[in-house]
Amino acid sequence: MNADADGHSGAAVPVQSREGSPVAADFVPSALGTREHWDAVYERELRTFQEYGDTGEIWFGEESMNRLIRWLQKHKIPSDASVLDIGTGNGVFLVELVKHGFSNITGIDYSPSAIKLSASILEKEGLSNINLKVEDFLSLSTKLSGFHVCVDKGTFDAISLNPDNAVEKRKQYVKSLSRVLEVKGFFLITSCNWTKAELLDVFSEGFELFEELPTPKFSFGGMDVLHLQENAYRTSREDKHRAR
Ligand SMILES: C[S@@+](CC[C@H](N)C(=O)[O-])C[C@H]1O[C@@H](n2cnc3c(N)ncnc32)[C@H](O)[C@@H]1O
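Residues numbered from 1 in each chain as written. Predicted model: local features only at pLDDT ≥ 70, side-chain atom pairs only at ≥ 80, totals over all residues. Heavy atoms only, no water.

The name given to the chain in an unreviewed UniProt entry is EEF1A lysine methyltransferase 2, with Cricetulus griseus as the source organism. What UniProt records for the chain under Catalytic activity (unreviewed entry) is the sentence "L-lysyl-[protein] + 3 S-adenosyl-L-methionine = N(6),N(6),N(6)-trimethyl-L-lysyl-[protein] + 3 S-adenosyl-L-homocysteine + 3 H(+)". The record held by UniProt for the chain lists under Sequence similarities (unreviewed entry) the comment "Belongs to the class I-like SAM-binding methyltransferase superfamily. EFM4 family." (UniProt positions renumbered as here; feature names shortened; annotations may be inferred.)

Shown next, in the form of structure tokens:
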């Protein structure tokens, strides 16, 4: 989570060498992995929205949203399919989904300020039929389940930077995903911190790679500075173990 797809640099997070076996080593913990950080970010963005009407940062840029929507259209995901945006932030992706005809949409975020900002943006857009909830994806309090599509744009990246036992949190993420996604459901993830092989390893339990979306590569001085992973996964078995 060092830069978005437009090349804007976010908070630079140095990563340790992760050569060798996937996810053997770990990221250097960062404030980007904490709720306090995101609360502060979205409180600030909420004030900016109230004062200037600016919706704030779109993680990985508009192109990432467009790629995901195109993917949903290409795979003929029905417009009434239930879609969950995990860690929706300012909820701008929810707005895009509605604009493209999707009608059964839920956005969750563990930051109350993010949900307030999303609600304000949706209200300004005149969109009322979207479920918004303050929810920690790692400790789901309500009966969120049966989603046909789950989308994660930068949230798994953020969770992976949590200073408090990120390895356990990633495992919990996979369990929560297993719980909310219906059998044969799709999971779309956009990440700038993980390689394809690493994501495959993390989601090997219960999910299989369905398609790798083509993403842009940004180089500087001959070195890759950003290579987004945008992958579609599908639950792998009808009888797969479903975490409780
Ligand atoms: C990098 S931002 C991406 C926001 C949004 N998906 C987007 O594309 O603009 C990460 C988001 O994940 C949320 N988040 C992080 N950990 C979470 C968790 N455990 N449960 C729910 N939301 C979480 C943060 O509050 C933040 O809104």
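At their nearest, the axes of helix 2 (residues 61–74) and helix 3 (residues 92–99) sit 11 Å apart, and the two run at 40° to each other. On the basis of the axis angle, helix 2 is oblique to helix 3. Crossing of helix 2 against helix 3: the hand is right-handed. Here helix 2 contributes Met-65, Leu-68, Ile-69 and Leu-72 to the contact with helix 3, which in turn contributes Val-92, Phe-93, Glu-96 and Leu-97. Per-class residue counts for the contact of helix 2 with helix 3 are 7 nonpolar, no polar and 1 charged. (Axes fitted to C-alpha atoms, helices over the stretch in contact; angles between N-to-C directions. Helix = DSSP H or I, 4+ residues; strand = E, 2+ residues; numbered from the N terminus. Parallel < 35°, antiparallel > 145°, perpendicular 65-115°, else oblique. Left-handed = near helix turned anticlockwise from the far one by under 90°. Contact = heavy atoms within 4.5 Å. Nonpolar A, V, L, I, M, F, W, Y, C, P; charged D, E, K, R; others polar.)

Two numbers describe a pair of packed helices, the interaxial angle and the distance between the axes. Between helix 1 (residues 35–52) and helix 4 (residues 112–124), the shortest axis-to-axis distance is 7 Å and the interhelical angle comes to 25°. Between helix 1 and helix 4, the crossing angle belongs to the class labelled roughly parallel. The handedness of the crossing between helix 1 and helix 4 comes out as left-handed. Residue-level inspection shows Asp-39, Tyr-42, Glu-43, Glu-45, Leu-46 and Phe-49 of helix 1 in contact with helix 4, the latter providing Pro-112, Ser-113, Ala-114, Lys-116, Leu-117, Ser-120, Ile-121 and Lys-124. Looking at the contact of helix 1 with helix 4 residue by residue, the class counts come to 7 nonpolar, 2 polar and 5 charged.

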